[in-house]
Amino acid sequence: MTQVQESSPNSLADAQDALIHILAGRMFNSRQEVFWENQVITVSKTTGLIVDICPYTPTSFCKRDDSAEVIDLLHLTVLPGFVDAHVHFFLHAYSETSWNDQVTKESVAERTIRATIHARKTLMAGFTTVRDLGTEGAGDADIGLRHCLSGPNPMIPGPRYFTANRAIVPPGSYGPRSAIHVDQDGVEGITGAEVAGGVDACVNAVRRQIGAGADCIKLYGDYPIRARMSGVSPNTASQSFPTFTKAEVDAMIDVAHSSDVKVAVHVNTAKGYHLYSAADSIEHGSALHENNNIHSLAAQRDTTWVPTLSAYYTMSAARPEMWSGMQKTFRKALEIGMDNIACGGDTGVFNHGKNALEMKLMVRLGAPYKRVLRWCTFGGWECLRPRGNGHSGGDHDLKFGVLEVGWAADIVALEGDIEADFEGTLDRTRFVMRGAKVYKRDGKVDNCL
């Protein structure tokens, strides 16, 4: 295996930046799914980037001619910061409070304060980037939260924060649902997503989301839209049906892609999935094992699957058939060698800070642990990366998910034998750096508040 190249006079580290040398006992290469022993990762506090990587030996390192800070992680396993591609910072665990009560009884102020706490917990768990796929009734609060989490000196600690603003749903399909005004969307003016029906209205909704500053567009591709039938036909009420028409779907994806904005789609059923083949990511997909639909998704190299195993697992007591279907779908994906996968737990359905549950479940269901580490790092970058060529400058312009020169200095370190004790090691996050700023050191918060 070829090692990363030795540092040289022409390396990016020659720039007169404030540097940090990180000594890594084991470093994970998330492209190749291999560990390299004893590396020095040099990062710039000015640019927030990795500027050099070279092998470490005590003799050669002691001869360096700079006075940069040194962080000794030789006893730890060092990896790129993890990426959770499906979170909801404005929700908290349904085991605490139901979705309906959160949306209708908690003020936006309370939900925003909770979101800042969720951001901090997520970062301290080693997740340095997330994609929030809908504020679920909290309006545009995610755009303000993103501002507070961004820049070289963020107002609050948290991960890189990609947002979808409001998800988009057709009339009559989503909650919260009024028991009095059954022909109206929402309760007391509160809707869990933006409602749009008809091609023109759908296109305008996408344009509004883009204009508001959304990083991506979230669509609900299927849903239990006949939920009000529960009193007379529980089976009908629980079924997911396609939401938008093909004309609406095609128009929304086209207008998003014309602005280099990606589209993520909530889909569980085969009928829903086939309408969204041009989407950039498919979220969930519990029934895609049926009729070999997962084969089709696996062949779409430009579409990433985000299974959200954790959501189904944590709600399995109430919906065991959904968890059973998801297990079948994921195992089928492994069987056919599907690789266009990213980790995202639908975190918010369960506790923030427990994001690693998704990786644990993937391994329990048979995925190789190194492959899962790649899906939760480089796979996250491939899922979230802009559709366009990208530019340098802002938080979302940087490349992340790989420890390479020129990529973001988003770095975590774990204590333990990750091969022998994968789950336990994931729970022992001892070091967290985001953008070359240290947030956690020796397992403790590092003066980041």
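Within any chain, residue numbers begin from 1 and follow the written order of that chain's sequence. Owing to the predicted nature of the model, reporting of local features is limited to residues with pLDDT of at least 70; listing and counting of side-chain atom pairs is limited to 80 or more, with chain, interface and lining totals taken over all residues. Derived side-chain values reflect all non-hydrogen atoms in the structure, with water molecules and hydrogen atoms excluded from consideration.

**Student:** How would you explain the packing of aromatic side chains if you had to name every residue and give the values?
**Tutor:** Any two rings among Phe, Tyr and Trp, with Trp reduced to its six-membered ring, count as a pair given centres within 6.5 Å; such a pair is stacked if its planes are under 30 degrees apart, edge-to-face if over 60, and tilted if neither. Applying the stated criterion across every chain yields a total of 16 aromatic pairs. Centroid distance Tyr-174 to Tyr-220: 4.6 Å. Interplanar angle 40°. Geometry classified as tilted. Of this pair, Tyr-174 sits in the loop between β8 (168-169) and β9 (194-195) while Tyr-220 sits in strand β10 (residues 216-220), and the two are 46 residues apart along the sequence. Ring geometry for Phe-378 against Trp-407: centres 6.4 Å apart, planes inclined by 55°, an arrangement best described as tilted. With Phe-378 in helix α14 (residues 378-384) and Trp-407 in the loop between α14 and β16 (411-414), this pair connects stretches of sequence that are 29 residues apart. For the pair shown, Phe-378 and Trp-407 are each scored as buried. Cluster of aromatic residues (ring-pair linked, three or more members): Phe-162, Phe-378, Trp-381, Phe-400 and Trp-407. Either the NZ atom of lysine or the CZ atom of arginine qualifies as a charge over a ring when it sits within 6 Å of the ring centre and within 35 degrees of the ring normal. Between Arg-26 and the ring centre of Phe-35, over which it is positioned, the NZ or CZ distance is 4.1 Å. Over the ring of Tyr-439 we find Lys-437; its NZ or CZ atom is 5.8 Å from the centre of that ring. Strands here are runs of E lasting at least two residues and helices are runs of H or I lasting at least four, both read from the DSSP assignment and numbered beginning at the N terminus. Classification of residues uses two cut-offs on accessible area relative to the type maximum, computed with a 1.4 Å probe and protein chains only: under 20% is buried, over 50% is exposed, and between them is partly exposed.

**Student:** Please provide a residue-by-residue account of the layout of surface pockets, values included.
**Tutor:** A cavity, in this analysis, means grid points on a 1 Å lattice covering only the protein atoms where a 1.4 Å probe fits yet has no way out; a pocket is instead an open set bounded by protein on both sides within 12 Å along at least five of seven lines, and a residue lines either one if it has an atom within 4 Å of a point. Grid points are joined across faces, edges and corners, and a volume is the space filled by probe spheres set on the points. As a volume, the largest pocket reaches approximately 1200 Å³. In terms of lining, the largest pocket is formed by 41 residues, of which the most central are Tyr-223, Pro-224, Asn-268, Arg-319 and Met-322. Where the lining of the largest pocket is concerned, the elements lending two or more residues are α2 (99-105), β10, β12 (241-242), α8 (270-274), α10 (309-314) and α11 (320-335). Sorting elements by how many residues they give to the lining of the largest pocket places α11 first, with three residues. Each residue is assigned to one of three groups, with Ala, Val, Leu, Ile, Met, Phe, Trp, Tyr, Cys and Pro labelled nonpolar, Asp, Glu, Lys and Arg labelled charged, and all others, Gly among them, labelled polar. Among the residues making up the lining of the largest pocket, the classes are represented as 18 nonpolar, 15 polar and eight charged.

**Student:** An account of the pairing of strand β14 (residues 281-284) is needed here, citing residue identities and associated values.
**Tutor:** Looking along a regular strand, one sees the side chains alternate between the two faces of the sheet. Note on pairing: two strands pair once DSSP finds at least 2 bridges between them. Here strand β13 (residues 262-267) pairs with β14 via four bridges, running parallel. Paired with Ala-264 across the two strands is Ser-281, which belongs to β14. In terms of strand pairing, β14 meets strand β15 (residues 304-306) through three bridges, oriented parallel. Along β15, the bridge assignment pairs Ile-282 with Trp-305.

**Student:** Describe the pattern of salt bridges, naming the residues involved and giving the relevant values.
**Tutor:** One side-chain nitrogen of Lys or Arg within 4 Å of one carboxyl oxygen of Asp or Glu is enough to make a salt bridge. Counted according to the given criterion, the structure contains 25 salt bridges. A salt bridge links Glu-33 to Arg-374; its shortest N-O distance comes to 2.6 Å. Of this pair, Glu-33 sits in the loop between β1 (19-29) and β2 (34-44) while Arg-374 sits in helix α13 (residues 369-375), placing them 341 residues apart in sequence. Residue Glu-33 is classed as buried on the basis of its relative accessible area of 15%. Residue Arg-374 is classed as buried on the basis of its relative accessible area, which comes to 9%. For Glu-321, the salt bridge is made with Arg-319, and the minimal N-O distance between the two is 2.5 Å. Overlapping salt bridges bring together Glu-33, Asp-339, Arg-371 and Arg-374 as one network.

**Student:** Help me get a handle on the confidence of the model for the protein chain, residues and values and all.
**Tutor:** Predicted confidence across the protein chain gives a mean pLDDT of 92, with 94% of residues reaching 70 or more. Overall, residues 1-10 carries pLDDT values under 50, and its contacts beyond four positions in sequence, including any with other chains, amount to 18 contacts. Taken together, the stretch residues 12-16 has pLDDT below 50 and engages in eight contacts with residues farther than four places along the chain or on a different chain. You can read pLDDT as the predictor saying how much it trusts each residue, on a scale of 0 to 100. Two residues qualify as a contact provided that any one of their heavy atoms is within 4.5 Å of a heavy atom in the partner residue.

**Student:** Lay out helix α5 (residues 199-212) with the relevant residues and their values.
**Tutor:** In this analysis, the expected span of each helix is defined as 1.5 Å times one less than the number of residues it contains. Over its 14 residues, α5 extends 20 Å from the first C-alpha to the last, a length consistent with the 20 Å expected when each residue adds 1.5 Å. Three or more residues of α5 are buried, namely Cys-202, Val-203, Ala-205, Val-206 and Gln-209. Buried residues in α5, looked at end-on, bunch into an arc of 155°, giving them a common side. Along α5, exposed side chains directed more than 90 degrees from the buried face belong to Asp-200, Arg-207 and Gly-211. Among the residues trailing α5, Gly-213 stands out with phi positive, at a value near 110°. Here the arc refers to the set of directions running from the helix axis out to each C-beta atom.

**Student:** Can you tell me about the packing of α5 against helix α7 (residues 246-258), naming the residues and giving the values?
**Tutor:** A fitted line through C-alpha atoms serves as each axis, taken over the contacting stretch for helices, and the angle formed by two N-to-C directions is quoted from 0 to 180°. At a closest axis distance of 9 Å, the pairing of α5 and α7 adopts a crossing angle of 30°. Considering their axes alone, α5 and α7 lie roughly parallel with respect to each other. The two elements α5 and α7 meet at a crossing, and its hand is right-handed. Where α5 abuts α7, its residues Val-199, Cys-202, Val-203, Val-206, Arg-207 and Ile-210 lie against Ala-247, Glu-248, Ala-251, Met-252, Val-255 and Ala-256. Here the residues of the contact of α5 with α7 are counted per class, giving 10 nonpolar, no polar and two charged. To sort the angles, those under 35 degrees are grouped as roughly parallel, those over 145 as roughly antiparallel, those from 65 to 115 as roughly perpendicular, and the leftovers as oblique. The handedness criterion is simple: a crossing whose near helix is rotated anticlockwise from the far helix by less than a right angle is left-handed, and one whose near helix is rotated clockwise is right-handed.

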